Structure formats: structure tokens, C-alpha cells
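Remarks on the overall topology
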Amino acid sequence: MRVSPIALLCLLLPLQPATAADQPIDAPAQVMIVGTYHFSNPGRDQHNVKSDDVLTPERQQQLDAIAKGLLRFQPTLVAVEWPADVVDQRYAEFRAGKLPTSRNEVVQLGFRLAKGAGISAVHGIDADGDFPYEAVQAWAEKNGAMDRLNATQEKIEATANKLSALQHSSTIAAALHEMNLPENIAQDYASYASLLHYGSGSEQPGVKLLAAWQTRNLEICARLVQSLHPGARAVVFYGAGHSFLLRQCVSQTPGLQLVEANSFLP
């Protein structure tokens, strides 16, 4: 039998490893970013939603309903806005019934959901960062741009007041639903992006502020990405001001799939 040169070459060549396209595709890690306000009213942000006491029986029932809704996602991982070492200690105490009563959303949302899902460890993914707003304000004062800057701040304050009123008159879930609407998330980030107006030439305080804010959020997202594995189902509780950049990071990172929180919030 005559063997063709091409067939003979194939017989003589060593088997080649399969290409990436030939490999089975890993299931993406699904990630839900739940933007929230600060339940314990620490007042650390420039503009703060004023939270009712989440320890009342009525609010505790609302938080149970939120956890029940999010459990439909069947999470395998929960990440929160605290440093890793703090979370490791306090979640262990929480599971053992030894953590002092806390109004913080990390405990009331993150720890509650993780315990309900039977998750043994919660991931603390917070990262420190600078927010050099004073330089932006100084530039605006020097260059006659304070009216514009004040208008932006007033708009942000109005949004915070609206959410405070909604939370007072309705449920925690209603406030979270409003904060996690994609159009509201984009509108919130527009206030950050508007800082690009503040600067000229080599003096760019608005750029520096945005770069610092982006760096912090990338470091947070890196901690999240490094905690995931193919097929994971992660719920991330974070201050809503971070939502736009965290969602962007998740959406643009290979192997991750963004899940809308409002599909599961009650």
C-alpha cells in the first residue's frame, strides 16, 4: 500500500498539544456586586445616606428577606468591604455566636448571607487608597470653578437625601434596589468623571483624584479576582460609590460574568 507524503509526515511528527480553542471552556465565575449604604452611619464619606436602626425587629425581618432573595443565586463565596484579617476574626466569632451586636452592613448583609449559604469563610477584600479632593477644591477656588464644583456636590447630596428618605419610608431592599439600578450607578459615576474638568496643562488635580480612586478599586477587584475559581458564584457587598468601577472590572475580566443584584433582591 502506498502512503502519501503528507500521511507519512503526520505519522512521523510527534503529537502536538491541543490548542486553547480545543480545550474545554471553564465555567465562568459569576459575580454579583451589591452596592449598599453604610448601616452604622459612620459618616466617613462626603455624602452619606442616613440609616435607620437596622436592629429593630422590622428591619431584621427585611434583612432576612434580602438574604433569602440572594440565596436563590446559590452563592459559594461572599466578599465584603473589610480587611481580610478583620473579616477572618469576626466571621469566626459570628458563626460561634460570640460577635458583639453590630449594625454594620458587613455583618448584617455579608455575614448573614454567608452563614445562610453554609459558607465557612468570608473574603475581606478592602484596600486602602487616597482621595485627594482638597487639591481639586483648591484648583477650583483659584480658577473660578467653585460654582460648578458646588453644583456637583449638591447633586450628590440630593441623591443621598433621596435614598435616606426612601429607606425611612420603605424597606432596606427598596433602597438597595434603587442604588443597584444600572442607570443610577452610571449617573453616580458621572460625578466622579466630571472631575476631569478640574485642571489645565501640567496641573491636573482632577486626573490625580480619579487615578487614585481607580487604583483603589482595581486593588479591591484584584483581591476579588484572586479569590475566585471557575464556576464560583460570588456575592460582593460594597459601598455603592464603588459599584461602577467594580462592575466594570468584573465585566472586562476574562472568566468572569456580571450578575445583576436586582434580579435577586426582593
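The text that follows walks through the structure, step by step, so that each part is easy to find. The residue count restarts for each chain, going from 1 along the sequence in the order it is written. Two thresholds apply to this predicted model, a pLDDT of at least 70 for residue-level local features and 80 or more for giving and counting side-chain atom pairs, whereas whole-chain, interface and lining totals are computed over all residues. Hydrogens and waters are ignored; side-chain quantities use all the structure's heavy atoms.

1. Looking at the environment of aspartate 88
In DSSP terms, a helix is any run of H or I states spanning at least four residues, a strand is any run of E spanning at least two, and both are numbered starting from the N terminus. Mapping aspartate 88 onto the fold places it in helix α3 (residues 84–95). Throughout this description, buried means an accessible area under 20% of the type-specific maximum (1.4 Å probe, protein chains only), exposed means over 50%, and partly exposed covers the range between. Here aspartate 88 falls in the partly exposed class, since its relative accessible area comes to 48%. With 36 residues separating them in the primary sequence, aspartate 88 and glycine 124 have C-alpha atoms 7.7 Å apart.

2. Topic: the packing of helix α5 (residues 133–142) against helix α6 (residues 146–169)
Axis lines are fitted through C-alpha atoms, for helices just across the contact stretch, and the angle between N-to-C directions can take any value from 0 to 180 degrees. Close contact between α5 and α6 brings their axes to 8 Å; oriented N to C, the two are set at 135°. As judged from the angle between their axes, α5 and α6 are oblique. Facing α5, whose interface residues are Tyr133, Val136, Gln137, Ala140 and Glu141, α6 presents Met146, Leu149 and Gln153. Charged means Asp, Glu, Lys or Arg here, nonpolar means Ala, Val, Leu, Ile, Met, Phe, Trp, Tyr, Cys or Pro, and polar covers whatever is left, Gly included. Here the contact of α5 with α6 is built from residues that sort into five nonpolar, two polar and one charged. Angles below 35 degrees are treated as roughly parallel, those above 145 as roughly antiparallel, those between 65 and 115 as roughly perpendicular, and all remaining angles as oblique. Here a residue-residue contact requires only that any non-hydrogen atoms of the pair lie within 4.5 Å.

3. Quick look at empty space enclosed by the protein
Grid points spaced at 1 Å over the protein atoms alone were grouped into cavities, where a 1.4 Å probe fits but cannot get out, and pockets, open sets with protein on both sides within 12 Å along at least five of seven lines, with lining residues defined by an atom within 4 Å of a point. Grid points are joined across faces, edges and corners, and a volume is the space filled by probe spheres set on the points. What the rule picks out here adds up to two cavities of 30 Å³ or more. When its volume is computed, the largest cavity comes out at roughly 40 Å³. Taken together, Ile185, Asp188, Tyr189, Ala240, Gly241 and Phe244 make up the full set of residues lining the largest cavity. At three residues, the largest contribution of residues to the lining of the largest cavity is made by helix α8 (residues 182–193). Each residue belonging to the lining of the largest cavity can be placed in one class, and the counts come to four nonpolar, one polar and one charged. A volume near 30 Å³ is recorded for the second largest cavity. Those elements giving two or more residues to the lining of the second largest cavity turn out to be α2 (57–71) and α4 (105–116). When the residues that make up the lining of the second largest cavity are grouped by side-chain class, the tally is seven nonpolar, one polar and one charged.

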